[in-house]
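# Coordinates in review
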Amino acid sequence: MSKETIDYDIVIIGSGPAGLQAALHAGRRKTKVAVLGKLKNSSLSRAHLENYCCMDNQVLGHEMLEQGKKQALRSGAVFYEEDVLDIKNDDDGHFSVFMESEKILKTKALILSMGISRNRLNVSGEKDFLGKGVSYCVDCDGGFFKGRTIAVVGNESAAASGAMTLLLIADKVHLIYQDLLVNDSLKNQVEQSDIITHPGRWVKAIEGKDGVERVILENGESIDVDGIFIELGAKGALELASKLGVTLDPENFKYIITDKKQGTNIPGVYAAGDICGPPWQVAKAVGEGCIAGLEAAAYAKKR
Ligand SMILES: Cc1cc2nc3c(=O)[nH]c(=O)nc-3n(C[C@H](O)[C@H](O)[C@H](O)COP(=O)(O)OP(=O)(O)OC[C@H]3O[C@@H](n4cnc5c(N)ncnc54)[C@H](O)[C@@H]3O)c2cc1C
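Quantities reported herein were computed from a predicted structural model and do not represent experimental measurements.

## Considering the site of the ligand
Neighbouring the ligand are 32 residues; Ser42, Asn51, Val84, Asp274 and Val282 lie closest to it. In this structure, an oxygen atom belonging to the ligand sits 3.0 Å away from a main-chain N or O atom of lysine 38. Contact between the ligand and serine 43: an oxygen atom at 3.0 Å from a main-chain N or O atom of the residue. Burial of the ligand by the surrounding chains reaches 92%, relative to a free accessible area of 1,000 Å². Elements with a minimum of two residues in the shell around the ligand: α1 (17-28), β3 (48-49) and α7 (282-302). Residues that form the shell around the ligand fall into these classes: 14 nonpolar, 13 polar and five charged.

Here you go:
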């Protein structure tokens, strides 16, 4: 039996804020749009937002996603809440997207908005205290730790610059790392700051009762803290993008490179949101999604 193939003008992979905003704008340009991916896997589903313009009260991320889906449906987009397993450039300049359900979606334009998966420490307490003192995003959650004591763990610039940012907010900042792999300028800034450094150390466990109270290091040392930021860099959902020949950032291959119109090096392929690099914020994801949606619609209409 042959597999079902369905034609679209635009296929959007990812149903987070970037993908939903792209769907809204592309749908309103009267293009046939499909949105793929599970809402519950969006980073936003775990967030409480208080730094998004024009929304003064803390908003629950999963409620925003439901609203965004309703809006995108109203603009004509079709949803498939399943993952994409494979993707390929067709000979006619179109793209084929292979789904979990074995459907194949054929499309003139593609928008990649698969977000990032945050690297985990995988230590005890990490999952239990997520949102109760454990965070993966200084820009998102730093403000909750005003005047408190905080730890940051990580070897790369995300950890060092995160610790510098937290110095402006928290009372005490501990930076725990095995080896600080950052440029000399950032290293000097850390060394000359009030950050309490723990070189050659790593976290073994995160402990507390209702929230984080202490971190235990591998040498058995215990540090009393109100929270910990796990800043191990971010790995983009880039395998699919690489299959299409999309150019990644040459420094660490973690993000997709786009131009100001959110276009990649492959004609007809656009990208938006966390997958295009930091800052990992809803405001940026939505802005890029808007541009990608409009540009992909214009491209699809020309073909
Ligand atoms: C705990 C937490 C707190 C946060 N707090 C804030 C905050 O206060 N303020 C703020 O601005 N930002 C915050 N953020 C960040 C914000 O949630 C992200 O920047 C935003 O969600 C990025 O949107 P996105 O659409 O690029 O990616 P995401 O929202 O991560 O969506 C990615 C989508 O891609 C889909 N996908 C991935 N792989 C596949 C595949 N193979 N096939 C199909 N679909 C796929 C997923 O299912 C998901 O739907 C927070 C994040 C976390 C985790």
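So that's the structure; there's more coming.
## Focus: unusual backbone geometry
The omega angle of the peptide bond from proline 278 to proline 279 is 0 degrees, so this bond is cis rather than trans. As for its placement among the helices and strands, proline 279 is situated in the loop between β19 (269-271) and α7. Unusually for a residue other than glycine, lysine 30 sits at a positive phi of about 60 degrees. Along the chain, lysine 30 turns up in the loop between α1 and β2 (33-36). The class of lysine 30 is exposed, set by a relative accessible area of 71%.

## Considerations on the packing of aromatic side chains
Following the criterion strictly, the structure yields three aromatic pairs and no others. Here tyrosine 8 and tyrosine 80 contribute two aromatic rings whose centre-to-centre distance is 6.3 Å and whose plane-to-plane angle is 90 degrees, an arrangement assigned as edge-to-face. You can see tyrosine 8 sitting in strand β1 (residues 5-13) and its partner tyrosine 80 sitting in strand β5 (residues 78-80), a full 72 residues away along the chain. Their ring planes at 70 degrees and their centres at 6.4 Å tell us that tyrosine 270 and tyrosine 299 sit as a pair that is edge-to-face. Taken together, the positions of tyrosine 270 in strand β19 and tyrosine 299 in helix α7 put the pair 29 residues apart, joining distant regions of the chain. Classification of tyrosine 270 by relative accessible area gives buried; the value is 9%. Above the plane of the ring of tyrosine 8 lies lysine 32, whose end atom (NZ or CZ) is 4.9 Å from the centre. When the ring centre of phenylalanine 79 is taken as origin, the NZ or CZ atom of lysine 69, which lies over that ring, is 5.2 Å away.

## Comments concerning the environment of glycine 147
With respect to the helices and strands, the residue glycine 147 is situated in the loop between α3 (138-141) and β11 (149-153). Residue glycine 147 is classed as exposed on the basis of its relative accessible area, which comes to 51%. C-alpha of glycine 147 to C-alpha of glycine 289: the two residues are 142 residues apart in sequence and 36 Å apart in space.

## What to know about the sheet that holds strand β10 (residues 134-135)
Sheet architecture is open: five strands sit in the order β10-β17-β11-β12-β13, paired in parallel fashion. Edge strands, defined here as strands with exactly one partner in the open sheet, are β10 and β13 (196-199). Of the pairings in the sheet, the one linking β10 to strand β17 (residues 227-230) comprises two bridges and is parallel in character. Each residue of the ladder has a partner; that of valine 134, found in β17, is isoleucine 228. Against the sheet, helix α4 (residues 157-167) makes contact with β11, β12 (172-177) and β17, and its axis sits at roughly 170 degrees relative to β12, the strand it touches most.

## Digging into the pairing of strand β15 (residues 212-217)
Of the strand pairs in this sheet, strand β14 (residues 203-208) and β15 are connected by five bridges, and their pairing is antiparallel. Following the sheet pairing, valine 203 is matched in β15 by leucine 217. What sits between β14 and β15 in their antiparallel hairpin is a turn of three residues. Taken together, the three bridges between β15 and strand β16 (residues 222-224) define a ladder with antiparallel strand orientation. Looking across to β16, one finds that arginine 214 is bridged to aspartate 224. Once β15 ends, the chain turns through four residues before running back antiparallel as β16, passing glycine 220 with a positive phi of about 95 degrees.

Analysis parameters
- Residues numbered from 1 in each chain as written.
- Predicted model: local features only at pLDDT ≥ 70, side-chain atom pairs only at ≥ 80, totals over all residues.
- Heavy atoms only, no water.
- Near = heavy atom within 4 Å.
- Polar contact = N/O pair within 3.5 Å; in protein donor to acceptor, adjacent residues only side chain to side chain.
- Areas by Shrake-Rupley, 256 points an atom, 1.4 Å probe, with all protein chains shown as cover.
- Helix = DSSP H or I, 4+ residues; strand = E, 2+ residues; numbered from the N terminus.
- Nonpolar A, V, L, I, M, F, W, Y, C, P; charged D, E, K, R; others polar.
- Buried < 20%, exposed > 50% of the residue type's maximum accessible area, 1.4 Å probe, protein only.
- Phe/Tyr/Trp six-rings, centres within 6.5 Å; stacked < 30°, edge-to-face > 60°.
- Lys NZ or Arg CZ within 6 Å of the ring centre and 35° of its normal.
- Pairing = 2+ DSSP bridges.
- Contact = heavy atoms within 4.5 Å.
- Axes fitted to C-alpha atoms, helices over the stretch in contact; angles between N-to-C directions.

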